[in-house]
Amino acid sequence: MALLTPEDLANMTNALVENDRLITELTDYSLDGLCRKIYGTVPRNEKIAIIPVTAGNGIIGSFSESLLFTVQHFGMDGFITENTDVAGYYEAVTNGADIILMADDLAYIAHNLRNGKIAHNQICTGRIYAEILCHAKDYADDKDVLVIGLGKVGTPALETFLNEKQNVYVFDVDSKRVDEILTDYPVFKYDPAKEPKSFFKIFEATPCADTICESALKENSIVSTPGIPLGISDELIEKYKVRVVSEPLGIGTLSMLYDVF
Ligand code: NAD
Ligand code: 2YG
Ligand code: MG
């Protein structure tokens, strides 16, 4: 898994605020309003503990702080434990935490200690970025959506699109992965060389830049992408007046919290 860097998180607070504004413009739902709608949950004054974890590649500068910013920005009560790892877990529980947020190099989870619910970042990130496109009011009648990147984030996004009755076109550089997906789900193969097609709604979850080619775009397309780095060039964004939902950590984190409320 590609790990976040402190540079990825450098502008995270502005990006979260700006993306919330854009999501509201696109869907008429604020980010927390959309989470409330899709999960059917509400926060109930839960105390959220963020535990820094040193395993593997260790602490990522600004990771815990970005989680705390997200929690507090949406009006919730949170704290970062002074201790890390198991000592941090003990500190969180003895200080009354209701929900734990913690990540190592393999998994980033939210665990609600009161109701037992647990959420995984990759699933909740795929789901929320997909739901943003499903709720894009300008394209409510256009059901075609392109999904680029069929990994741990792209697959739950694809499932979300199917649940929301979208026509899903898929692309991945790994042709074996495409074949697996075509076997398992009622989706269409996107093959720009053989059958070019353009989309108003594009979801991207890959660790590569420039994955979105010009022929896939229409004027005023919306790209909803957790992928880091950004999969679309500045030049194409400008040329096609593309609106891009992209933020490194907070959107997925809020989705995880609503999943466990
Ligand atoms: P993954 O490795 O499970 O899946 C990535 C998929 O992209 C793979 O199937 C791979 O074959 C495909 N791919 C790679 N290069 C490609 C290309 N050029 N064109 C098309 N497909 C290509 O990774 P993941 O866990 O699904 O994460 C995807 C991205 O999302 C990563 O950049 C990750 O850091 C990011 N991410 C962001 C957030 C967030 O909150 N913004 C949260 C989780 C993950
Ligand atoms: O506590 C810390 O500071 C570290 N142990 C956090 C490690 C997180 C590693 N995971 C990633 O970098 C991501 N791919 C998953 C985070 C979701 C948002 N992109
Ligand atoms: Mg996010």
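Thresholds applied
- Residues numbered from 1 in each chain as written.
- Chains lettered and ligands numbered in written order.
- Predicted model: local features only at pLDDT ≥ 70, side-chain atom pairs only at ≥ 80, totals over all residues.
- Heavy atoms only, no water.
- Helix = DSSP H or I, 4+ residues; strand = E, 2+ residues; numbered from the N terminus.
- Rg over C-alpha atoms; globule rule 2.2 N^0.38 Å.
- Buried < 20%, exposed > 50% of the residue type's maximum accessible area, 1.4 Å probe, protein only.
- Contact = heavy atoms within 4.5 Å.
- Areas by Shrake-Rupley, 256 points an atom, 1.4 Å probe, with all protein chains shown as cover.
- Near = heavy atom within 4 Å.
- Polar contact = N/O pair within 3.5 Å; in protein donor to acceptor, adjacent residues only side chain to side chain.
- Pairing = 2+ DSSP bridges.
- Right-handed = clockwise from strand over helix to strand, strands pointing away.
- Axes fitted to C-alpha atoms, helices over the stretch in contact; angles between N-to-C directions.
- Parallel < 35°, antiparallel > 145°, perpendicular 65-115°, else oblique.
- Nonpolar A, V, L, I, M, F, W, Y, C, P; charged D, E, K, R; others polar.
- Domains from an automatic or database assignment.
- Buried area = accessible area lost by both parts, 1.4 Å probe.
- Salt bridge = Lys/Arg side-chain N within 4 Å of Asp/Glu carboxyl O.
- Left-handed = near helix turned anticlockwise from the far one by under 90°.

**Overview of the overall build of the protein**
- Each helix and strand counted, the protein has 9 helices and 11 strands in total.
- Taken against the 2.2 N^0.38 rule, which gives 18 Å for 261 residues, the C-alpha radius of gyration of the protein at 18 Å falls within 12% of a compact globule.
- By its C-alpha atoms, the protein is 60 × 35 × 35 Å across when sized along the principal axes.
- Looking at the protein residue by residue over its 261 residues, the buried ones come to 51%.
- Pairs at least 24 residues apart make up 60% of the contacts formed inside the protein by residues separated by at least 6 positions.
- Accessible surface, the protein as shown: approximately 12,100 Å² in total, 51% of it carbon and sulfur.

**Remarks on helix H3 (residues 63-73)**
- Within the span of H3, buried status applies to Phe63, Ser64, Ser66, Leu67, Leu68, Thr70 and Val71.
- Where the residues of H3 are buried, they touch helix H1 (12-27), strand E1 (47-51), strand E2 (77-80), strand E3 (99-103), strand E4 (108-112) and helix H9 (250-260).
- After H3 finishes, the residue Gly75 shows a positive phi value of roughly 80°.

**As for the site of ligand 1**
- The local shell around ligand 1 holds 25 residues, among which Lys152, Val153, Asp172, Pro226 and Glu247 are the closest.
- For ligand 1, an oxygen atom lies 3.0 Å from a polar atom in the backbone of Lys152.
- Here an oxygen atom of ligand 1 sits 3.1 Å away from a polar atom, N or O, in the main chain of Pro248.
- When ligand 1 is considered free in solution it has 880 Å² of accessible area, and contact with the protein chains removes 82% of it.
- When residues in the shell around ligand 1 are grouped by element, the largest group, 3 residues, is from helix H5 (residues 121-134).

**Description of the pairing of strand E7 (residues 167-171)**
- Both strand E6 (residues 144-148) and E7 contribute to a ladder of 5 bridges, which runs parallel. Directly across from Ile148, in E7, lies its bridge partner Phe171.
- A crossover links E6 with its parallel partner E7, the connecting element being helix H6 (residues 154-163), and its sense is right-handed.
- Considered for its hand, the β-α-β crossover made up of E7, helix H7 (residues 175-184) and strand E8 (residues 188-189) is right-handed.

**Section: the packing of H5 against H9**
- At a minimum axis separation of 8 Å, H5 and H9 run at an interaxial angle of 105°. By the angle between their axes, H5 is roughly perpendicular relative to H9. Contact residues: H5 offers Asn121, Cys124, Thr125, Ile128 and Tyr129, while H9 offers Ile251, Gly252, Thr253, Ser255, Met256 and Asp259.
- Looking at the contact of H5 with H9 residue by residue, the classes come out as 5 nonpolar, 5 polar and 1 charged.

**What about the domain arrangement of the protein?**
- For the protein, the domain assignment lists domain 1 (12-23 + 30-120 + 251-260) and domain 2 (124-247).
- Domain 1 puts 19 residues into the contact, and the matching count from domain 2 is 13 residues.
- Together, the buried faces of domain 1 and domain 2 total about 1,300 Å²; carbon and sulfur atoms form 69% of this surface.
- There are 0 salt bridges connecting domain 1 and domain 2.
- Elements with a minimum of two residues in the side of domain 1 that touches domain 2: H1, helix H2 (31-39), strand E5 (118-120) and H9.

**Quick word on the site of ligand 2**
- Taken together, 16 residues form the shell around ligand 2, and within it Ala2, Leu4, Val53, Ile60 and Ala103 come nearest.
- In the environment of ligand 2, a nitrogen atom lies 3.0 Å from a nitrogen or oxygen atom belonging to the backbone of Ala2.
- A distance of 2.8 Å separates a nitrogen atom of ligand 2 from a polar backbone atom of Ala103.
- Protein chains shield 92% of the accessible area of ligand 2, which is 510 Å² for the free molecule.
- When its residues are assigned to classes, the shell around ligand 2 shows 13 nonpolar, 2 polar and 1 charged.

**Thoughts on the packing of H1 against H3**
- Running from N to C, H1 and H3 cross one another at 35°; their axes reach a closest spacing of 10 Å. In this structure, H1 crosses over H3, and the sense of that crossing is right-handed. In this structure, H1 uses Met12, Thr13, Leu16, Val17 and Asp20 to contact H3, whose residues at the interface are Ser66, Phe69, Thr70 and His73.
- A per-class count over the contact of H1 with H3 returns 4 nonpolar, 4 polar and 1 charged.

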